[in-house]
Amino acid sequence: MLLYIHVPFCRSKCAYCSFSSQVLPKGRVGAYMLKKYLAALIGEMRMQTDILDKTQVRSIFFGGGTPSLLPGRAITGILEETRKCFDVSPGAEITLEANPESLLDGDCLAEARKAGINRLSIGMQSFEDPVLGLLGRRHDSWQAENAFSAARAAGFSNINLDLIWALPGREGRPQSQMRWLSTLRRAVDLQPEHISTYCLSLEDGPPLGKLLEQGEISLPGEREQSSMYLAGADYLEGQGYMQYEISNFARMGFACLHNKGYWQGEDYLGIGPAAVSTMGARRRTNPAHLKIWTEMVAKGDSSPWEELDMLTRLKEILMLRLRTSAGLSLGEWRKRSGRPFLTDFAAQVALLQQIGLARTRR
């Protein structure tokens, strides 16, 4: 089983963010909110262990939000409770998402290492300071590179860098392919073990989406975005980063075990507000609102499980497997569905093969 722990707090909301997160106030108010959150997190974990009965956990992922805002003692306490509630595999991958500026804050890195974090995912997003400002990020390129160096000095040997491409610009000057490749070169120069590259997706709610609607910023065109994606993938593979999923590249042996588990359809338990769990043919989603979630846990309640029908599960298997370079196992499909994939989807497969977007291997 995979364990996902959602940390909903940030120092500020980025201009493009539509994730479930909220600003953590400073001082007593923030400390109180954090205390309530941690108590509910442990409470929910204990409720689930009564149901799952010492299920083995092979990866733990602290996502957010900005999990690196958690004090080291809080991370230690969460992981200690996890080991009491579940059978955590020796050498389990334990990832902490982090923003560069928070990693440079006090003893954050040393405390994370001491707590048991063995993989960092640093949200750098860009090395262009004007773009970082437009995105509402709290760090600059100097802090980004220094955070990486500090993580290495603290002993982290498995580091991912998150980067965003197809970034906006003012006055009709969005990110170009040349600028994207320059960003990738700076990332590769740092020699991380893993690089994740995500195409910017703007929704209506965040401030950046409103600026786009008002015509104050522009995005690269569809043709330019396609070119950026292909050129970026070619460059990273040429530098020794194998593309094993649409947005993910890793050196040999450093693919993210947690995310691979999602794409392979493994069971996963989500703890925290807005966290999603899927166990076999059942799924549940926690309330996104922090207060509603904490009150639910305080009452000893749990989010209801829904049963996933066979068609939904098969669609998800197809979608998830085709995100990966490993692709869909025809044998697994037949075992799960009772049907031959190449017969049922002969026309679609033939078309994809004809235009060079798919291949089959028996």
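As a starting point, this report considers the structure included with it. Quick caveat, the model's predicted, so the values are computed rather than measured.

1. Concerning the packing of aromatic side chains
Right, on to step 1. Counted according to the given criterion, the structure contains nine aromatic pairs.
Right, on to step 2. Look at Phe9 and Tyr37: their rings are 5.4 Å apart centre to centre, the planes differ by 80°, and that puts the pair in the edge-to-face class. With Phe9 in strand E2 (residues 9-10) and Tyr37 in helix H1 (residues 27-52), this pair connects stretches of sequence that are 28 residues apart.
Right, on to step 3. Relative accessible area serves as the criterion here: at 0%, Tyr37 is assigned to the buried category.
Right, on to step 4. Here the aromatic cluster, defined as three or more aromatic residues joined through ring pairs, consists of Phe9, Tyr37 and Trp293.
Right, on to step 5. Positioned above the aromatic ring of Tyr241, the side-chain terminus of Arg251 is 4.1 Å from the ring centre.

2. Some points on the side chain of Glu44
Right, on to step 1. Counting through the fold element by element, Glu44 comes out in helix H1.
Right, on to step 2. Within the structure, the side chain of Glu44 is placed 2.7 Å from the side chain of Asn286, a separation counted as a polar contact.
Right, on to step 3. For Glu44, the residues in contact, after removing those within four places along its chain, are Gly270, Ile271, Gly272, Arg284, Asn286, Trp293 and Val297.

3. Some points on H1
Right, on to step 1. Given a rise of 1.5 Å per residue, 26 residues ought to cover 38 Å, and the 37 Å separating the end C-alpha atoms of H1 matches this to within 8%.
Right, on to step 2. Following H1 by one or two positions, Asp53 has its phi on the positive side, about 55°.

4. Here's the deal with the environment of Gly123
Right, on to step 1. Considering the arrangement of structural elements, one finds Gly123 in strand E6 (residues 119-125).
Right, on to step 2. When its relative accessible area of 4% is taken as the criterion, Gly123 is described as buried.
Right, on to step 3. C-alpha of Gly123 to C-alpha of Leu269: the two residues are 146 residues apart in sequence and 24 Å apart in space.
Right, on to step 4. Once residues within four sequence positions are removed from consideration, Gly123 is found in contact with Ala98, Asn99, Pro100, Arg137, His139 and Asp162.

5. Quick notes on the pairing of strand E4 (residues 56-64)
Within a regular strand, side chains alternate between the sheet's two faces.
Right, on to step 1. Of all nine residues in E4, seven are buried; the element is thus mostly enclosed.
Right, on to step 2. Looking at chain direction, strand E1 (residues 2-7) and E4 are connected through six bridges and run parallel. Directly across from Leu2, in E4, lies its bridge partner Ser59.
Right, on to step 3. Pairing analysis gives six bridges linking E4 to strand E5 (residues 87-98), with the strands arranged parallel. Across the sheet, the residue bridging to Phe62 is Leu96, located in E5.

6. Quick notes on the pattern of salt bridges
Right, on to step 1. A complete count under the given rule lists 13 salt bridges for this structure.
Right, on to step 2. Between Glu44 and Arg284 there is a salt bridge, and its shortest N-O distance comes to 3.0 Å. Of this pair, Glu44 sits in helix H1 while Arg284 sits in strand E15 (residues 282-285), and the two are 240 residues apart along the sequence.
Right, on to step 3. A salt bridge links Glu245 to Arg323; its shortest N-O distance comes to 2.5 Å. Residue Glu245 is found in strand E11 (residues 242-245), and its partner Arg323 is found in the loop between helix H12 (310-321) and helix H13 (330-337); the two are separated by 78 residues along the sequence.
Right, on to step 4. With relative accessibility at 2%, the residue Glu245 sits in the buried group.
Right, on to step 5. For Arg323, a relative accessible area of 28% corresponds to the partly exposed category.
Right, on to step 6. Salt bridges sharing partners connect three or more residues here, namely Arg321, Glu332 and Arg336.

7. Points about the nonpolar core
Right, on to step 1. In terms of nonpolar packing, the biggest core is built from 71 residues, with Tyr37, Phe62, Ile117 and Leu120 touching the most fellow members.
Right, on to step 2. Broken down by element, the residue count for this core peaks at eight residues, all from H1.
Right, on to step 3. Ignoring sequence-local partners within four residues, the contact set of Phe62 consists of Ile5, Val7, Pro67, Leu70, Ile75, Ile78, Leu79, Ile94, Thr95, Leu96, Glu97 and Ile117.
Right, on to step 4. Within the second largest apolar cluster, 13 residues are counted, among which are Leu134, Ile164, Leu200 and Leu211.

What counts, and where the lines are drawn
- Note that residues are indexed from 1 along each chain, following the sequence as it is written.
- For this predicted model, a pLDDT threshold of at least 70 governs which residues receive local features, and a threshold of 80 or more governs which side-chain atom pairs are given and counted, while totals over whole chains, interfaces and linings are taken from all residues.
- Only heavy atoms go into the side-chain values, all of them from the structure, while hydrogens and water stay out.
- Aromatic pairing here means that ring centres of Phe, Tyr or Trp (its six-membered ring) are within 6.5 Å. Orientation follows from the plane angle: under 30 degrees is stacked, over 60 is edge-to-face, and everything else is tilted.
- For the purposes of this entry, the term helix denotes a DSSP run of H or I that reaches at least four residues, the term strand denotes a run of E that reaches at least two, and both are numbered from the N terminus.
- Each residue is placed in one exposure class: buried if its accessible area under a 1.4 Å probe, protein chains only, is under 20% of its type's maximum, exposed if it is over 50%, and partly exposed if it falls in between.
- In this scheme, the term charge over a ring applies when either NZ of a lysine or CZ of an arginine sits within 6 Å of the ring centre and within 35 degrees of the ring normal.
- Definition of a polar contact: a pair of N or O atoms within 3.5 Å, with one able to donate and the other able to accept a hydrogen when the atoms are protein atoms, and with sequence-neighbouring residues admitted only if both atoms are side-chain atoms.
- Contacts were defined at the residue level, with two residues in contact if any of their heavy atoms lie within 4.5 Å.
- What a helix is expected to span follows from its residue count: subtract one and scale by 1.5 Å.
- The pairing criterion is simple: DSSP has to find at least two bridges between the two strands.
- Salt bridge, as applied in this entry: a Lys or Arg side-chain nitrogen positioned within 4 Å of an Asp or Glu carboxyl oxygen.
- Grouping buried Ala, Val, Leu, Ile, Met, Phe, Trp, Tyr and Cys residues that are joined through side-chain atoms within 4.5 Å yields what is termed a nonpolar core.

Function cannot be read off these values alone, since they describe shape.
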